[in-house]
Amino acid sequence: MKHFQILALSSLFVFSCAMNAPTASAESNDFTLGKVQSQLSEGMSSSQVVSLLGSPNLVTSTQGGGEAWTYDKVSQESESSSISGAGAGSSGNFFGIFGGGRSKNSTTSKNLTLIVKFNADGVVSSYKYQSIKY
């Protein structure tokens, strides 16, 4: 019986760690707020911007023969955790295996929008960004 309890506790530990492990995103995107703030600057060429941030989501023409590139990134982060008691308690839990326990789930959404304006020569004349976390 003692070996069963050790096996059950070990299994719970392994499965609870595996369930809370972060997962990698299937889509990799280099467009981040840090890159915008630290590396993007006026005077860069359009090819330098593409190398830094990737392709824009939207390209529009501006007056004077220039362009406005819009980058938009929406991401979500989910976190879940669970807590269960160890040992037999008043709720009837036995080593956290049967009954009881608490779980917590939270989701955070982030939106990053960047508009880069180029002059007729294809050089960055200005840019604006907005970052929202909710």
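All residue numbers refer to positions counted from 1 along the written sequence of the respective chain. Where local features are concerned, this predicted model is filtered to residues with pLDDT of at least 70; where side-chain atom pairs are given and counted, the filter is 80 or more; whole-chain, interface and lining totals use all residues. For side-chain calculations, the full set of non-hydrogen atoms in the structure is used, while hydrogens and water are omitted.

1. Overview of the overall build of the protein
Helix and strand counts for the protein come out as 3 helices and 4 strands. Each helix and strand of the protein, ordered N terminal to C terminal, gives the series α-α-α-β-β-β-β. By the burial criterion, 16% of the 134 residues in the protein qualify as buried. The contact definition used throughout considers only heavy atoms, calling two residues in contact when any of these lie within 4.5 Å. Pairs at least 24 apart in sequence give 54% of the contacts found in the protein among residues at least 6 apart. Carbon together with sulfur atoms contributes 53% to the accessible area of the protein, which is approximately 9700 Å² in total. The numbering of helices and of strands both runs from the N terminus, where a helix is a DSSP run of H or I of at least 4 residues and a strand a run of E of at least 2. Remark: exposure states derive from per-residue accessible area (1.4 Å probe, protein chains only) relative to the maximum for the residue type, with buried under 20%, exposed over 50%, and partly exposed in between. What sets the accessible areas is the Shrake-Rupley method with a 1.4 Å probe; for residues, cover comes only from the shown protein chains.

2. Regarding the pattern of salt bridges
Salt-bridge detection follows one rule: a side-chain nitrogen of Lys or Arg within 4 Å of a carboxyl oxygen of Asp or Glu. Enumeration over the complete set of coordinates arrives at 1 salt bridge. For the salt bridge of Glu-77 with Lys-110, the shortest nitrogen-to-oxygen distance reads 3.4 Å. Here Glu-77 is found in strand β2 (residues 67–83), whereas its partner Lys-110 is found in strand β3 (residues 102–118), with 33 residues between them in sequence. Classification of Glu-77 by relative accessible area gives partly exposed; the value is 45%.

3. Here we look at the nonpolar core
Take the buried residues of types Ala, Val, Leu, Ile, Met, Phe, Trp, Tyr and Cys, join any two whose side-chain atoms come within 4.5 Å, and each joined set is a nonpolar core. Core analysis: the largest hydrophobic core is formed by 14 residues, its most contacted members being Phe-31, Leu-40, Val-49, Leu-53, Tyr-71, Leu-114 and Val-116. Mapped onto this core, the elements with two or more residues apiece are α3 (46–53), β2 and β3. Ranked by residue count, the leading element in this core is β3, at 4 residues. For Val-116, the residues in contact, after removing those within four places along its chain, are Leu-40, Glu-67, Ala-68, Trp-69, Tyr-71, Val-124, Ser-126 and Tyr-127.

4. Section: the pairing of β3
If DSSP finds at least two bridges between two strands, the strands pair. Inspection of the sheet shows β3 paired to strand β4 (residues 124–133) by 9 bridges, in the antiparallel sense. Of the residues in β4, the one forming a bridge with Asn-111 is Ile-132. In textbook terms, the turn of a hairpin is the stretch between consecutive antiparallel strands, and for β3 and β4 this stretch comprises 5 residues, one of which, Gly-122, has a positive phi near 80°.

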